[in-house]
Each structure stands twice: as structure tokens, then as C-alpha cells.
Amino acid sequence: MALTGTYVPSAAEWVRNQVAEYEATNGEKAGTLRDTGYPIVVITSVGSRSGNLRKNPVMRVERDGAYLAVASKGGAPEDPAWADNFRQHPEVELQDKAEKHLYRARELSGEERADWWEHAVATWPTYASYQEKTDREIPLFLLERADAPAGS
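Anyway, here's the lowdown on the structure attached to this text. (Residues numbered from 1 in each chain as written. Predicted model: local features only at pLDDT ≥ 70, side-chain atom pairs only at ≥ 80, totals over all residues. Heavy atoms only, no water.)

1. Quick word on the nonpolar core
Across soluble globular proteins, nonpolar side chains show a tendency to be buried alongside one another.
Thinking step 1. Grouped together as the largest cluster of nonpolar side chains are 21 residues, with contacts concentrated most on Leu68, Val70, Trp116, Tyr127 and Leu140.
Thinking step 2. Mapped onto this core, the elements with two or more residues apiece are α1 (13-25), β1 (40-46), β4 (66-70), α3 (110-123), α4 (126-133) and β7 (140-145).
Thinking step 3. Setting aside anything within four residues of it in sequence, one finds Leu140 in contact with Leu68, Ala69, Val70, Arg106, Glu107, Leu108, Arg113, Trp116 and Trp117. (Core = buried A, V, L, I, M, F, W, Y, C linked by side-chain atoms within 4.5 Å. Buried < 20%, exposed > 50% of the residue type's maximum accessible area, 1.4 Å probe, protein only. Helix = DSSP H or I, 4+ residues; strand = E, 2+ residues; numbered from the N terminus. Contact = heavy atoms within 4.5 Å.)

2. Concerning the pairing of strand β6 (residues 99-107)
Thinking step 1. The sheet contact formed by strand β5 (residues 91-96) and β6 spans six bridges and is antiparallel. Paired with Glu91 across the strands is Arg104, a residue of β6.
Thinking step 2. The loop that links β5 with its antiparallel partner β6 comprises two residues; one of these, Lys97, has a positive phi angle of about 60 degrees.
Thinking step 3. With five bridges connecting them, β6 and β7 associate as antiparallel partners. Directly across from Glu107, in β7, lies its bridge partner Phe141. (Pairing = 2+ DSSP bridges.)

3. Comments concerning helix α2 (residues 81-88)
Thinking step 1. By the burial criterion, the buried members of α2 are Trp82, Ala83, Asn85 and Phe86. With its buried residues spanning 160 degrees around the axis, α2 presents them on a single face. Facing away from the buried side of α2 by more than 90 degrees, the exposed set consists of Ala81 and Gln88. (Arc of directions from axis to C-beta.)

4. What about the packing of aromatic side chains?
Thinking step 1. Under the definition given, this model contains nine aromatic pairs.
Thinking step 2. For the pair Trp82 and Phe86, a centre-to-centre distance of 4.8 Å together with 45 degrees between the ring planes defines the contact as tilted. Residue Trp82 and its partner Phe86 are located together in helix α2, separated by four residues, close to a single helical turn.
Thinking step 3. Overall, the relative accessible area of 11% leaves Trp82 in the buried class.
Thinking step 4. Classification of Phe86 by relative accessible area gives buried; the value is 2%.
Thinking step 5. Geometrically, the ring pair formed by Tyr127 and Tyr130 is edge-to-face, given 6.2 Å between the ring centres and 75 degrees between the ring planes. (Phe/Tyr/Trp six-rings, centres within 6.5 Å; stacked < 30°, edge-to-face > 60°.)

5. Structural notes on the sheet that holds β7
Thinking step 1. Strands sit in the order β2-β1-β5-β6-β7-β4-β3 across an open sheet of seven strands; the sheet is antiparallel. Each edge of the sheet is formed by a strand with only one pairing partner; in this case those strands are β2 (53-59) and β3 (62-63).
Thinking step 2. Relative to the sheet, α1 contacts β1, β2, β5 and β6, its axis offset from that of β2 by approximately 85 degrees. (Axes fitted to C-alpha atoms, helices over the stretch in contact; angles between N-to-C directions.)

6. Concerning α3
Thinking step 1. Between its terminal C-alpha atoms α3 stretches 20 Å, which fits the 20 Å expected from 14 residues at 1.5 Å a residue.
Thinking step 2. Turning to α3, its buried residues number three or more, namely Arg113, Trp116, Trp117 and Ala120. Down the axis of α3, the smallest arc covering the buried residues is 110 degrees, so these residues share one side. Relative to its buried face, α3 has exposed residues pointing more than 90 degrees away, namely Glu111, Glu118 and Ala122.
Thinking step 3. Among the structural elements, β3, β4, α4 and β7 are those in contact with the buried residues of α3. (Expected span 1.5 Å × (residues − 1).)

Laid out in C-alpha cells, this is it:
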């Protein structure tokens, strides 16, 4: 079952445009983050304060059917707004090209976080420089299928 509510596009024009083009073409266009060549997915979450649906392009960090959402915000001193959305409303929808499913997000810590951080940096090395730019530990959210058929 898909998330329901009123979709409010991002205030950032590049995010609005990328999400719209990605969704319209199932990721065939706008499938990489701002001309980096690195693939993205689009994650829909419920706003922590507004309750509105929000959509964000996020680097595609995947392993064994689970995805990682790295709340780096380019190494800014604060988390991206979507991190609070995930904390307050952990059910999200993730679109990877034409595939769209519900996932449950949970924030990682300890050894599990360390393992996934290593995988994230191996996937997109720029994450390491983002961590060097900020004093906060960049939050990592593991997204696991919430709508998977029984027994899978």
C-alpha cells in the first residue's frame, strides 16, 4: 500500500525538477545525482511536522535488497529535514528506477552502522569528505522492505 497524503514539492528547484523527471521516466532520465554519474533513488517520506508527503533524490546505496539513506547534507552542521521525517514516520516509499515499494527506516548505530558506513563510502567516496567537514556523526538509516511477500 502506497503512502497517502498531499505531496508538497521541495523548495529547492533542482530537487523538484530531478524528482519530477525521475518519476516521469522511471529513472531513465535524471537517474544520477546532479551530473555526478552516481545513481540515485527517490524516497517519499511523511513530513515530521506538516504530515505532507516529501520526495528526495538520495544516493543509491544498496546491499542484499536493503537500502541505506545517508543523511549527509554535504557535510553541513545539521541533518537534512528528511532525517526527522524518517525518525517520526519510519514508513517510506522508495523508487529504484521502475521498482517502487514500501520500506521501514531505522537509524543505525554501533557495529551495524560502522559496517554500512564502510559500504556507503565504498559506493560513493565523497561521503568520507562530508564526514570530515562536520562535527556531527552523519546519521544512517537502513531501509528494509515493509511490503515484501510472506516468506521472502
